[in-house]
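# Descriptive structure summary
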Amino acid sequence: GRQHAAATFPPASLTANDGGVETAEEATEPAEPDINELCRDMFDKMSVFLQGELTATCEDYKLLENMNKLTSLKYMEMKDISINISRNLQDLNQKYASLQPYLDQINQIEEQVTALEQAAYKLDTYSKKLEAKFKKLEKR
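Reading guide: rules and limits
Residues numbered from 1 in each chain as written. Predicted model: local features only at pLDDT ≥ 70, side-chain atom pairs only at ≥ 80, totals over all residues. Heavy atoms only, no water. Helix = DSSP H or I, 4+ residues; strand = E, 2+ residues; numbered from the N terminus. Buried < 20%, exposed > 50% of the residue type's maximum accessible area, 1.4 Å probe, protein only. Salt bridge = Lys/Arg side-chain N within 4 Å of Asp/Glu carboxyl O. Patch = residues over 30% accessible without salt bridge, like charges linked within 9 Å, V, L, I, M, F, W, Y side chains within 5 Å. Areas by Shrake-Rupley, 256 points an atom, 1.4 Å probe, with all protein chains shown as cover. Lys, Arg positive; Asp, Glu negative; His and termini not counted. Charge placed at Lys NZ, Arg CZ, Asp CG, Glu CD. pLDDT = per-residue confidence, 0-100. Contact = heavy atoms within 4.5 Å.

Turning our attention to the overall build of the protein chain. For the protein chain, the count of helices and strands is four helices and zero strands. Its helices and strands in sequence order give the protein chain the pattern α-α-α-α, from N to C terminus. Buried positions account for 1% of the 140 residues belonging to the protein chain.

Right, dumping it as structure tokens:
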């Protein structure tokens with residue numbers, strides 16, 4: 001019973017003598033293989049974790065590379081489209097330039113028609129006045 005009491009409540013003098021130090025060493029010695037095993041397990045798990053992190057990073061870079069390739073292709077398509085649009089615009093400008101003399105003639109004809117119309121109205125007004133004078137003279 002006394003040993004049990006000493007193990008549970010060690011007196012202050014026991015920690016100072018060699019017996020207390022030996023007891024502490026005996027208590028830690030069986031735990032060392034467990035610590036080594038735990039360290040090995042921790043390093044294995046850390047290795048798996050880091051491998052996963054590197055794999056994920058590698059996959060991210062592959063994804064970015066594929067996205068960059070797709071973006072590059074899209075930009076090339078857009079460049080081709082813009083070149084075609086530019087060509088078509090040049091063609092339209094040339095056609096418009098070749099039509100310009102005809103458009104000018106149409107505007108000129110329109111102005112002449114407007115002038116002719118005004119002259120016709122004046123002539124109509126004048127002929128009505130003349131007719132009125134003629135009827136007035138005829139009645140006399």
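This part takes up the pattern of salt bridges. Under the defined criterion, the tally for this structure stands at seven salt bridges. For the salt bridge of Arg 40 with Glu 37, the shortest nitrogen-to-oxygen distance reads 3.2 Å. Taken together, the residues Arg 40 and Glu 37, both in helix α4 (residues 32-139) and three residues apart, mark about one turn of the helix. For Glu 37, a relative accessible area of 47% translates into the label partly exposed. In this structure, the salt-bridge partner of Glu 59 is Lys 62, at a minimum N-O distance of 3.8 Å. Of this pair, Glu 59 and Lys 62 both sit in helix α4, separated by three residues, roughly a single helical turn. Judged by relative accessible area, which is 42%, Glu 59 ranks as partly exposed. The class of Lys 62 is partly exposed, set by a relative accessible area of 43%.

Moving on: a positive patch on the surface. A contiguous patch of positive charge on the surface is contributed by Lys 129, Lys 133, Lys 136 and Arg 140. Note on placement: Lys 133 falls in helix α4.

In this section: a nonpolar patch on the surface. A cluster of nonpolar side chains, namely Tyr 96, Leu 99, Tyr 102, Leu 103 and Ile 106, defines an oily patch on the protein surface of about 520 Å² accessible area. Topologically, Ile 106 is positioned in helix α4.

Overall, the prediction assigns the protein chain a mean pLDDT of 85, with 76% of residues at 70 or greater. The least confident element of the protein chain, judged by mean pLDDT, is helix α1 (residues 2-8) at 44; the most confident is α4 at 95. Below pLDDT 50 for its whole length, residues 1-16 participates in one contact with residues either more than four positions away or in separate chains.

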